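# Topology and contacts: notes
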Amino acid sequence: MLELREYQKRSLGALESYLRLVVRQGAKMAFLAQTERPYRSVPQLPGLPYICLRIPTGGGKTLMACHALGIAATEYTQTERAVCLWLVPSNAIREQTLSALRDRQHPYRQAIDAQFGGLVTVLDLTEALYVTRGNLAGDTCIIVATLAALRVEDTDGRKVYEPCGALMDHFSGLTTEQEATLEKDDSGTIVKSLCNVLRLWRPIVNKDEAHNARTQLSFDTLGRFNPSSIIEFTATPETTHNPERGQFASNILHHVSAAELKAEDMVKLPIKLETRSEWKEVLGDAVKTQRTLESLAVEEEKQTGEYIRPIVLVQAQPRSQTRETLTVEVVRQSLIDDFKIPEDQIAVATGDTRQIEGVDLFSRNCAIRFIITVAALKEGWDCSFAYVLCSVAEIGTARAVEQILGRILRLPRATRKNHPELNCAYTLAASPRFIQAAQSLKDALIENGFQRMEADLFVQGDEARPTFFDAGTLFFEAEEVVSEAPDLTRLPADLRERVTFDPQTNRLSVATRLTEQDRAALGQCFTTAADRNAVERLYRASHGRPIAAEPTEDRGSFRVPQLAIRVDGQLELFEESHFLDSTWRLSECDAGLSEADFPSAYTGGASGEIDVSDEGKIEIQFVDQIHRQLRLLGVEPGWDLAGLTNWLDRQIPHPDIVRTESTLFIHRLLTGLLESRGLTIDQLAGQKFRLRTAVAAKIEELRRTAAETSFQRVLFSADAEPIEVSPDICFDFSADRYAPNWYYDGGYRFQQHFFPPPRIGELKSDGEEFECAVYLDQLPQVKYWVRNIERGGDSSFWLQTSTDKFYPDFVALLQDGRILVVEYKGGDRWSNDDSKEKRAVGQLWENRSGGKCLFIMPNGPDWASIGRKVGG
């Protein structure tokens, strides 16, 4: 089964936490508690959790949707099986999704099978019209459709709402409560339709590329199916919220940055852009680029065994009756006649000609290296061998390239290549205006889920180079405030294209790297020394150098020693496995559940309302109604103590605990509930999902206690293990691996961050952490510093604690070569147990470093303590 990447685990973890909270607090209050942002309800779907996971193109949205289905069933609907309405944006993607979900060898199906024990049925809309009651009760049933096909205007859509004889059995033996939820015809008779079958089963809705489906009509359509929840997966969620105009913003629960994808080797970045004024020059450069990449791919295969055949996507112009255009035929003939490309290496993919349909582009026997299209690759097509986008027409708008651009972003096998050129994507365009082409490309990246800063960062310009494969240069926009208006008409035409001046704000802006000749020419447009210094700063910024009056040395590497432990004479990175006690006996721990842990009122059938707002109560009642309705449809087996013990054991992951230990513990816990509270086994089984949550929490509490005891023994007792801090075990800060989820965008210009602005991750532009960063930036003893990313995995420095990894807020290299680590804590949290443990671990790291490392946790905004620590 395909393993999830760290950013996918974080996203799904956010979903799991949210849905668990929804059960207790309702959709709106849970969203507010988790994100600190308001929840926007849809009028047609009151009380329903309708949330979005924002994942850029290439981030594996479909795999995440497969895992999300199991999470929603376990944590929210609290059922062992689920009915899922899986909505996709087009028929092409519908066919792809159906094919993948039906294939038991495909990673998507394997992910779903693992969560539901292989009892899974996948249907299209036509097949769903014949689904049996036994199927829905015994299997997880996934119905894949487009939202458009569910609308009554569509022929297939009408069948969903019409009576169907094959579905009659679903409506026998219903309670009055169940019947009340169903649609009826004009005579008051229940319609025996697929729509009503789904209304009974409260489907979980997974929506792929949801930005295409947030309209009033879409909500009306979804509302008819009475879903239990809706989870969107999209690169570009709707952000405008104006219900009066029919605009409804997505409730973004979690978003993933492009930098996180790059750090996990999911996408090709940066994207190198080159423009030419003539279309045949562009085509010629595309041919050269393909050949260069293929020669590198041959070397890559010799080193790694991985076969890659780089492919160029050539975007031609559509036919026109009013003007001459560069059509598919014109481009194809030019490749053959002008560049001697063999015909079998060229394929055409348009609405009329589909020469790649059914072709295995990954096969060694496939000769295709150039695919000419207009817009046929917009949806459903994917091949990670596509490295180059060549637009023979000018890229006028982002819309012209946004969809096809996504087709060159995926990195083959999601594995970093030895040759850095094979980790990049390439775009060539016929355009005399580089800035406009670059801006359109950046806008297109934003439409693929990139943040604006990332789009600026990951588009690299060509500076009129004849080849991509010289040292690239960052395409960016930098600006300085000057005191006088420059006469830009004196500049050469190509430079004038890249420089702008705003007379309202006196801001001088440049795009792409400035050459020494550019610097001299621009400097001559000013008369004052101060303004010429501003030009010098722009020149230095365009080369990624510190914006200082005098040159500074290259920052080189930034290596930070980590906590290490000797095992059999070998030094190893100290982590959880070194202190978790394998002899921990769960069966000997206290197995009691208090009333607070598991209230008896649940088992007695009480409503279990929580004291929140009236709206919150309504939302909680909505969740309870779902649970009650699904219980009415389920057929519960005859439960006994052994059966419930085994069910709980299967439902609670415990890879660190052997089954004999876990079942003994759970059996004791259930026996205690039966004897001390006078409950029956059927009452407990009726609340088995709440019981599962309580038992899992109890085991986790005991696990943490055992871990803390073992951690203290290994690190801080008289028999402590030999812990070392050595340059042999170091974390290396790398630009390729620095993967913030979001970026600093404040007005203060940091000078000493190891990764030059704007690459400062997850730092707000105000507050005490920002003040701490400013203090470090201005501290003379600091050579440079890094904003360390929380939960950054392999992209961040961490120290092990008893419960998890601790990621300090800031790591700095001092002028004298020492390392300083700073963890900020507000005064209200400085003395809690978590902070005490982090200080103890940080102090241990400092003590074992032999004076080469320093650790400090200021008590609130006591920045002077940092200065005292470093000797200032």
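Residues numbered from 1 in each chain as written. Predicted model: local features only at pLDDT ≥ 70, side-chain atom pairs only at ≥ 80, totals over all residues. Heavy atoms only, no water.

## Brief notes about empty space enclosed by the protein
Under the convention used in this document: Whether a set of points on the 1 Å grid over the protein atoms alone is a cavity depends on a 1.4 Å probe fitting there but being unable to get out, while an open set qualifies as a pocket with protein on both sides within 12 Å along at least five of seven lines; lining residues are those with an atom within 4 Å of a point. Grid points are joined across faces, edges and corners, and a volume is the space filled by probe spheres set on the points. Helix and strand assignments follow DSSP, with helices taken as H or I runs no shorter than four residues and strands as E runs no shorter than two, numbered in order from the N terminus. All residues other than Ala, Val, Leu, Ile, Met, Phe, Trp, Tyr, Cys, Pro, Asp, Glu, Lys and Arg, Gly among them, are scored as polar; the first ten of these are nonpolar and the last four charged.
Across all of its chains, the model carries 4 cavities of 30 Å³ or more by this definition. One number sums up the size of the second largest cavity: a volume of about 40 Å³. Looking at the second largest cavity, the residues that line it are Lys 61, Thr 62, Ala 65, Trp 86, Asn 206, Lys 207, Asp 208 and Phe 233. When contributions to the lining of the second largest cavity are tallied by element, the ones reaching two or more residues are helix H3 (61–77) and strand S5 (204–208). Split by residue class, the lining of the second largest cavity holds 3 nonpolar, 2 polar and 3 charged.

## Examining the sheet that holds S5
Our working rule: Each pair of strands is called paired provided DSSP finds at least two bridges between the two strands. Geometry is summarised by axes, namely lines fitted to C-alpha atoms with helices restricted to the contacting stretch, and by angles between N-to-C directions that run from 0 to 180 degrees.
Taken together, 7 strands build an open sheet; the order of strands is S3-S4-S2-S5-S6-S1-S7 and the sheet is parallel. Looking along the sheet, the strands with just one partner apiece sit at the ends: strand S3 (120–123) and strand S7 (252–255). Neighbour-to-neighbour, the strand axes of this sheet turn through a mean angle of 20 degrees, independent of strand direction. Alignment of strand S2 (residues 83–88) against S5, held across 4 bridges, turns out to be parallel. Opposite Leu 85, over in S5, you have Val 205 as the bridge partner.

## Structural notes on the confidence of the model for the protein chain
Filter applied, for reference: The quantity called pLDDT is the predictor's confidence in a given residue, expressed from 0 to 100. In what follows, a contact means two residues having at least one pair of non-hydrogen atoms within 4.5 Å.
Residues of the protein chain with pLDDT of at least 70 account for 87%, and the chain-wide mean is 85. Across residues 462–467 the pLDDT falls below 50, and counting only partners more than four positions away or on other chains, this stretch makes 16 contacts in the model. Ignoring residues within four places in sequence, the model shows residues 604–613, a span with pLDDT below 50, making 11 contacts including any to other chains.

## Observations concerning the nonpolar core
Quick reminder of the rule: Joining through side-chain atoms within 4.5 Å is the link that ties buried Ala, Val, Leu, Ile, Met, Phe, Trp, Tyr and Cys residues into a set, and such a set is a nonpolar core. Partly exposed residues are those whose accessible area sits between 20% and 50% of the maximum for their type, while under 20% is buried and over 50% is exposed, using a 1.4 Å probe and protein chains only.
With 158 residues, the main nonpolar core has Tyr 18 and Trp 86 as its most contacted residues. Element by element, the count of residues in this core is highest for H3, at 10 residues. Excluding its chain neighbours within four sequence positions, the residues that come into contact with Tyr 18 are Ala 27, Ala 30, Phe 31, Gln 34, Tyr 39, Pro 49, Ile 51 and Leu 253. If you look at the next biggest cluster of nonpolar residues, it comprises 33 residues, including Phe 711, Val 725, Leu 799 and Trp 845.

## What about the side chain of Thr 327?
Put simply, the rule reads: Nitrogen and oxygen atoms within 3.5 Å of one another constitute a polar contact, given that in protein one can donate a hydrogen and the other can accept it, and given that sequence-neighbouring residues count only through two side-chain atoms.
Position of Thr 327 among the secondary structure elements: in the loop between strand S9 (311–315) and helix H14 (328–337). According to the relative accessible area criterion, Thr 327 is buried, its value standing at 9%. Reaching out from Thr 327, the side chain makes a polar contact with the side chain of Glu 329 at a distance of 3.3 Å. Dropping the residues within four chain positions of it, Thr 327 is found in contact with Ala 316, Gln 317 and Arg 319.

## Some words on the pairing of strand S20 (residues 570–573)
Sheet topology places strand S19 (residues 558–567) next to S20; 4 bridges connect them, and they run antiparallel. When the sheet's bridge partners are listed, Ile 565 is paired in S20 with Glu 572. The antiparallel pairing of S19 with S20 creates a hairpin that spans 2 residues between the two strands, and Asp 568 there sits at a positive phi of about 55 degrees.

## Details of the environment of Phe 233
Locating Phe 233 in the fold gives a position in strand S6 (residues 229–234). By relative accessible area, which is 1% here, Phe 233 ends up buried. Residues Phe 233 and Ile 55, 178 residues apart in the sequence, show an inter-C-alpha distance of 6.8 Å.

## Quick word on the pattern of salt bridges
The condition is simple: Here a salt bridge means any side-chain nitrogen of Lys or Arg lying within 4 Å of a carboxyl oxygen belonging to Asp or Glu.
Considering all chains together, one arrives at 45 salt bridges under this definition. Between Glu 790 and Arg 791 there is a salt bridge whose closest N-O contact spans 3.5 Å. For Glu 790, a relative accessible area of 41% puts it in the partly exposed group. Look at the salt bridges and you will find they share partners, linking Glu 16, Arg 20, Glu 75 and Arg 692 into a network.

## Brief notes about the packing of aromatic side chains
Just so we agree on the cut-off: Working definition: a ring pair exists when centres of Phe, Tyr or Trp rings (six-membered ring for Trp) sit within 6.5 Å. Plane angles under 30 degrees give stacked, over 60 give edge-to-face, the rest tilted. A ring is scored as having a charge over it whenever the NZ atom of a lysine or the CZ atom of an arginine sits within 6 Å of its centre and within 35 degrees of its normal.
With the rule as written, the count across this model stands at 29 aromatic pairs. Taken together, a centroid distance of 5.4 Å and an interplanar angle of 70 degrees make the contact between Phe 558 and Tyr 784 edge-to-face. Remark: Tyr 784 occurs in strand S22 (residues 782–787) and Phe 558 occurs in strand S19; sequence separation between them is 226 residues. For Phe 558, a relative accessible area of 1% translates into the label buried. A connected cluster of aromatic rings, assembled from ring pairs, spans Phe 558, Phe 731, Phe 733, Tyr 738, Phe 754, Phe 755 and Tyr 784. Above the face of the Trp 647 ring, Lys 688 is positioned so that its terminal group lies 5.7 Å from the ring centre. The side chain of Arg 839 reaches across the aromatic face of Trp 830, ending 3.7 Å from its centre.

## What about a negative patch on the surface?
Counted only if it meets this: Exposure above 30% relative accessible area and the lack of any salt bridge qualify a residue for a patch; like charges then connect within 9 Å, and the nonpolar side chains Val, Leu, Ile, Met, Phe, Trp and Tyr within 5 Å. Calculation of accessible area relied on Shrake-Rupley with a 1.4 Å probe; when residues are assessed, cover is drawn exclusively from the protein chains displayed. Just so you know, the count uses Lys and Arg for positive and Asp and Glu for negative, and it drops His and the chain ends. Here the site of a charge means atom NZ of a Lys, CZ of an Arg, CG of an Asp or CD of a Glu.
Together, Asp 568, Glu 572, Glu 575 and Glu 576 give the surface a local cluster of negative charge. For Asp 568, the position within the fold is in the loop between S19 and S20. On the basis of relative accessible area, Asp 568 is assigned to the exposed category, the value being 78%.

## Topic: the sheet that holds strand S25 (residues 810–814)
Across a sheet, paired strands are connected by hydrogen bonds in the backbone, their directions being either parallel or antiparallel. The 4 strands lie next to each other as S22-S25-S26-S27, forming an open sheet whose pairing is mixed. The sheet is open, and its two edges are formed by S22 and strand S27 (853–856), each paired on a single side. Strand-to-strand twist across the sheet, computed as the mean angle between neighbouring axes with direction ignored, equals 20 degrees. Where S22 lies against S25, 5 bridges are found, and the strand directions are antiparallel. By the bridge assignment for S25, Arg 787 is matched with Phe 810. Of the strands in this sheet, strand S26 (819–822) and S27 are in contact with helix H28 (residues 833–847), which crosses S27 at around 165 degrees.

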